[in-house]
Amino acid sequence: MAASVICSADQLSPLLGPNATAAATYICNQFTSVSNSFTNTAYAIDNTYLFFSAYLVFSMQLGFAMLCAGSVRAKNTMNIMLTNVLDAATGGLFYYLFGFAFAFGGPSNGFIGRHNFALKSIPSSSFDYSNFLYQWAFAIAAAGITSGSIAERTQFVAYLIYSSFLTGFVYPVVSHWFWSSDGWASAFRTSDFLFGSGVIDFAGSGVVHMVGGIAGLWGALIEGPRIGRFDHSGRGIALRGHSASLVVIGTFMLWFGWYGFNPGSFNKISVTYPDSPSYYGQWSGVGRTAVTTTLAGCTAALTTLFGKRILSGHWNVTDVCNGLLGGFAAITAGCSVVEPWAAIICGFVASLVLIGCNMLAEKFKYDDPLEAAQLHGGCGAWGVIFTALFATEKYVKEVYPSRPPRYGLFMGGGGKLLAAHVIQILVITGFVSATMGTLFFILRMLRLLRISVDDEMAGMDITRHGGFAYIYHDNDDSPQNGIQMKKIESAPTPPLTV
């Protein structure tokens, strides 16, 4: 935001001659009014930009729903769609009551926020309602990642419990560490930076994707694989999702929403950069971030396409969609501080990370219907490391003007940023494992986690939700739990009369 215009009658009066105090005061009042109008306009533009970004990120919930629905078998479609709806609804209440305060309720300590529960004292000079809406959309994205890992075998009550805990406590605490100005590892601090650097996780490869992926990892590990996923000899058997069309639609919706996820994380667009030409400002950073996001996803998609072709002999659209999303998850941390050419490297390696993680999952008999832990956890961790290697000095100074000039190791910035990012990976893994792993274990001990064998074999749509998502027989008159459609027979054509 440009500096306010300053006008003083004492300064202006000598320029207007004797007895010109009244005129000078009037002129200065007009300048002040114009300056205030510009300031108010800048606030309006920035809030509108953040609201629009929040809407884009929220639209990713539709993408998650479509992707999840297409990736599970038809008999569990209603179940997984309902969990996606309730991730948003449950997350909305718990993030409003507790989550936003734990994440950004300053002044506070380095571990957790302590103010602004239920949005008390908001709006303020630091936050407006747009900030809450935007951060809530991030929180429910993390919960949506986890739901994919434990799909097709989890009790409904377990979804409600873990989603409330993740969006109300676990995710907000982690986001406080790295995004709040009080967070112990945040790059937004004013002093005492971790390793003299702080962590650059711009839009959340670690904060969002690793949190959701690791939570899903523990949920799937504690539950165990789906029935039939591995045979008696331990060989993997593919339980393919029922609709590649829904997977592709969901992927495009997520791609669209990612342009709010990454560029929107600037929060403001009307910021000018010092010593830069008038055409170059934060709006340019927003554009660059959209470009790096696009390039990383596209590169990962193509790398996965040819990589899986070599390994399996097939051109698999589902694998390509997952590769694309893996590239997006990886670039999310450094999207604002790397050059576009570096984003291509990010996407290429992200694809290899995803393929490698899937091989390990198969080897250790780990079952994740959406590859969520491998995609978001594995590629998210790579994105954290990538940022510490390729962040450029110029962009880091523009995006984080108050922090020390630490940047990527491969760009000549030394290893302190890399050390801080290794710490980020370790603490996120440890904290999410200790909290979400413990929660899933308790749910299992209380027999609240996994459904019965009979329910799993029949499918949760018919056993838990009263019907099927699809109509299988349109001419079956037998009573069934679901919407039935009758076939409409055409009436015979009357004879033509002359």
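These remarks concern the structure in this document. (Residues numbered from 1 in each chain as written. Predicted model: local features only at pLDDT ≥ 70, side-chain atom pairs only at ≥ 80, totals over all residues. Heavy atoms only, no water.)

A look at the overall build of the protein chain
And step 1. A tally of regular secondary structure across the protein chain gives 15 helices and zero strands.
And step 2. The buried share of the protein chain, reckoned over its 498 residues, is 53%.
And step 3. A sequence separation of at least 24 residues applies to 73% of the contacts in the protein chain between residues at least 6 apart.
And step 4. By element, 66% of the accessible surface of the protein chain is carried by carbon and sulfur atoms, the whole surface being about 22100 Å². (Helix = DSSP H or I, 4+ residues; strand = E, 2+ residues; numbered from the N terminus. Buried < 20%, exposed > 50% of the residue type's maximum accessible area, 1.4 Å probe, protein only. Contact = heavy atoms within 4.5 Å. Areas by Shrake-Rupley, 256 points an atom, 1.4 Å probe, with all protein chains shown as cover.)

Let's talk about the nonpolar core
And step 1. With 116 residues, the main nonpolar core has Y95, Y171, F178, F261, V337 and M436 as its most contacted residues.
And step 2. Not counting chain neighbours up to four residues away, the residues in contact with F178 comprise A185, S186, A187, F188, V199, V207, Q424, V427 and I428. (Core = buried A, V, L, I, M, F, W, Y, C linked by side-chain atoms within 4.5 Å.)

Regarding the side chain of S351
And step 1. Structurally, the position occupied by S351 is in helix α10 (residues 340-363).
And step 2. Only 2.7 Å separates the side chain of S351 from the side chain of T304, close enough to count as a polar contact.
And step 3. Ignoring sequence-local partners within four residues, the contact set of S351 consists of A300, T303 and T304. (Polar contact = N/O pair within 3.5 Å; in protein donor to acceptor, adjacent residues only side chain to side chain.)

Quick look at helix α5 (residues 156-179)
And step 1. Taking 1.5 Å of rise per residue, the 24 residues of α5 would be expected to cover 34 Å, and the 32 Å separating its terminal C-alpha atoms lies within 8% of that figure.
And step 2. The largest bend in α5 is about 45 degrees, located at L166.
And step 3. Within α5, 18 of the 24 residues are buried, which leaves it mostly tucked inside the rest of the structure. (Expected span 1.5 Å × (residues − 1). Bend = angle between axes of the 7 residues up to and from the residue.)

Here we look at the packing of aromatic side chains
Between two aromatic rings, the relevant description is the distance of the centres plus the angle of the planes.
And step 1. Scanning the entire structure with this criterion turns up 38 aromatic pairs.
And step 2. A ring pair is formed by F104 and F127, whose centres lie 5.8 Å apart and whose planes are at 55 degrees; its orientation type is tilted. Placement of F104 in helix α3 (residues 77-104) and of F127 in the loop between α3 and α4 (129-149) is noted, with a sequence separation of 23 residues between them.
And step 3. Between the aromatic rings of Y162 and F440, the centroid separation amounts to 5.9 Å while the plane-to-plane angle is 40 degrees, which identifies the pairing as tilted. With Y162 in helix α5 and F440 in helix α13 (residues 416-445), the pair connects residues that are 278 residues apart, well separated along the chain. Of the two residues, Y162 and F440, neither departs from the other in class, the shared state being buried.
And step 4. One Lys or Arg, R229, reaches over the ring of F230 and ends 4.7 Å from the middle of that ring.
And step 5. Over the ring of Y395 we find R288, and its NZ or CZ is 3.6 Å from the ring centre. (Phe/Tyr/Trp six-rings, centres within 6.5 Å; stacked < 30°, edge-to-face > 60°. Lys NZ or Arg CZ within 6 Å of the ring centre and 35° of its normal.)

Focus on the pattern of salt bridges
And step 1. In this structure the tally under the stated criterion is 10 salt bridges.
And step 2. Taking the shortest distance from any N to any O, the salt bridge between R229 and D367 comes out at 3.4 Å. Within this pair, whereas R229 is found in the loop between α6 (205-223) and α7 (244-261), its partner D367 is found in the loop between α10 and α11 (372-390), the two being separated by 138 residues in sequence.
And step 3. Residue K397 is joined to E393 by a salt bridge in which the shortest nitrogen-to-oxygen separation is 3.1 Å. Of this pair, K397 and E393 both sit in helix α12 (residues 393-399), four residues apart, which is roughly one turn of the helix.
And step 4. Looking at E393, the relative accessible area reads 33%, which means it is partly exposed.
And step 5. Ionic contacts of the salt-bridge type, sharing partners, join the residues R73, E152, R226, R229, E362 and D367 into one network. (Salt bridge = Lys/Arg side-chain N within 4 Å of Asp/Glu carboxyl O.)

Some words on α4
Since one α-helical turn is 3.6 residues long, residues separated by three or four positions face the same way.
And step 1. Taking 1.5 Å of rise per residue, the 21 residues of α4 would be expected to cover 30 Å, and the 32 Å separating its terminal C-alpha atoms lies within 8% of that figure.
And step 2. Of all 21 residues making up α4, 19 are buried, and the element is well covered by its neighbours.

Brief notes about the packing of α4 against α5
And step 1. The N-to-C vectors of α4 and α5 enclose an angle of 125 degrees; their axes lie 9 Å apart at closest approach. The orientation of α4 relative to α5 falls into the category oblique. Here the hand of the crossing between α4 and α5 comes out right-handed. Taken together, the residues of α5 that come into contact with α4 (itself represented by Q135, F138, A139, I140, A142, A143, T146 and S147) are Y159, Y162, S163, L166, T167, Y171 and W179. (Axes fitted to C-alpha atoms, helices over the stretch in contact; angles between N-to-C directions. Parallel < 35°, antiparallel > 145°, perpendicular 65-115°, else oblique. Left-handed = near helix turned anticlockwise from the far one by under 90°.)

Observations concerning the environment of Y134
And step 1. Residue placement: Y134 occurs in helix α4.
And step 2. With a relative accessible area of 2%, Y134 lands in the buried category.
And step 3. Residues contacting Y134, with those up to four places away along its chain left out, are L50, S53, A54, V57, G260, F261, G264, S265 and N267.

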